[in-house]
Amino acid sequence: MYSVVDICNQAMVKLGASRITALTDDTKQARALNAIYAVKRDAELAANPWTFAIKRAQIPASSTPPAFGWNYAYPLPSDYLAMVEVGEDYTFYDSETGGLFAIETDSNGSLSILTDQSSPLNIRYVYRVTASGLFAPLFVESLACRLAAEVCEALAQNLSKKEALWN
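These lines cover the structure that appears in this document, whether it is placed above or below.

What to know about the packing of helix α1 (residues 4-15) against helix α2 (residues 28-47)
Contact geometry for α1 and α2: axes closest at 11 Å, N-to-C directions at 115°. As for how α1 packs across α2, the hand of that crossing is right-handed. Listed contacts from α2 to Val4, Ile7, Cys8 and Met12 of α1 are Gln29, Leu33 and Tyr37. Its residues assigned to classes, the contact of α1 with α2 comprises 6 nonpolar, 1 polar and no charged.

Rendered as structure tokens:
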């Protein structure tokens, strides 16, 4: 399986930069990768419904209903990154057309699902996978490309290479 350093070194190979032995190395490459790795991993996870990163949950309604517009609020799991499906019949999430629910920040600053469906609410969602050994090979490739593109300017000062990596 893949380690975080393996993934970061894939990015370095794509840049033609020196490899690292740890994210804590005192090198320009390691410092740049360490600064962005977790955020870019989460962004790449949330960008697609990667099958290795999908969970199912039944969540109870909050004791505090929404102020208006919906009957129930359901706090999202702490590892939530993106919604795949919601509801008894797993209505697909479509942020463009609205639908049977909304995702908003509640009065406590946490994300909640607002809906008229009663408790418990069934959801499928993309979660924050931190164990790199669970990553699928295509995700590793995609994350390595994203990391390489993000650190390209800082390490290689090559805008055409950066453009190629994004493509």
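Considering the pattern of salt bridges
Pairing is possible between side chains of opposite charge, provided their charged atoms come close. With the rule as written, the count across this model stands at 8 salt bridges. Between Arg146 and Glu44 there is a salt bridge, with its nearest N and O atoms 3.3 Å apart. Taken together, the positions of Arg146 in helix α3 (residues 137-156) and Glu44 in helix α2 put the pair 102 residues apart, joining distant regions of the chain. Arg146 sits in the buried class, given a relative accessible area of 18%.

Quick notes on the rules
Throughout, a residue's number is its position along its own chain's written sequence, starting from 1. Local features in this predicted model are restricted to residues whose pLDDT is 70 or higher, and side-chain atom pairs enter the listing and the counts only when it is 80 or higher, whereas totals over whole chains, interfaces and linings include all residues. Derived side-chain values reflect all non-hydrogen atoms in the structure, with water molecules and hydrogen atoms excluded from consideration. Axis definition: a line fit to C-alpha positions, over the contact stretch in the case of helices; interaxial angles, taken between N-to-C directions, run 0 to 180 degrees. By definition, any uninterrupted DSSP run of H or I lasting at least four residues is a helix, any uninterrupted run of E lasting at least two residues is a strand, and each is numbered from the N terminus. Two helices cross in a left-handed way if the nearer one is turned anticlockwise from the farther one by less than a right angle. They cross in a right-handed way if the turn is clockwise. Pairs of residues are marked as contacts when any of their non-hydrogen atoms sit within 4.5 Å. Residues are grouped as follows: Ala, Val, Leu, Ile, Met, Phe, Trp, Tyr, Cys and Pro are nonpolar; Asp, Glu, Lys and Arg are charged; every other residue, Gly included, is polar. Think of a salt bridge as a Lys or Arg side-chain nitrogen and an Asp or Glu carboxyl oxygen that are within 4 Å of each other. Using a 1.4 Å probe on the protein chains alone, a residue whose accessible area is under 20% of its type maximum counts as buried, one over 50% counts as exposed, and one in between counts as partly exposed.

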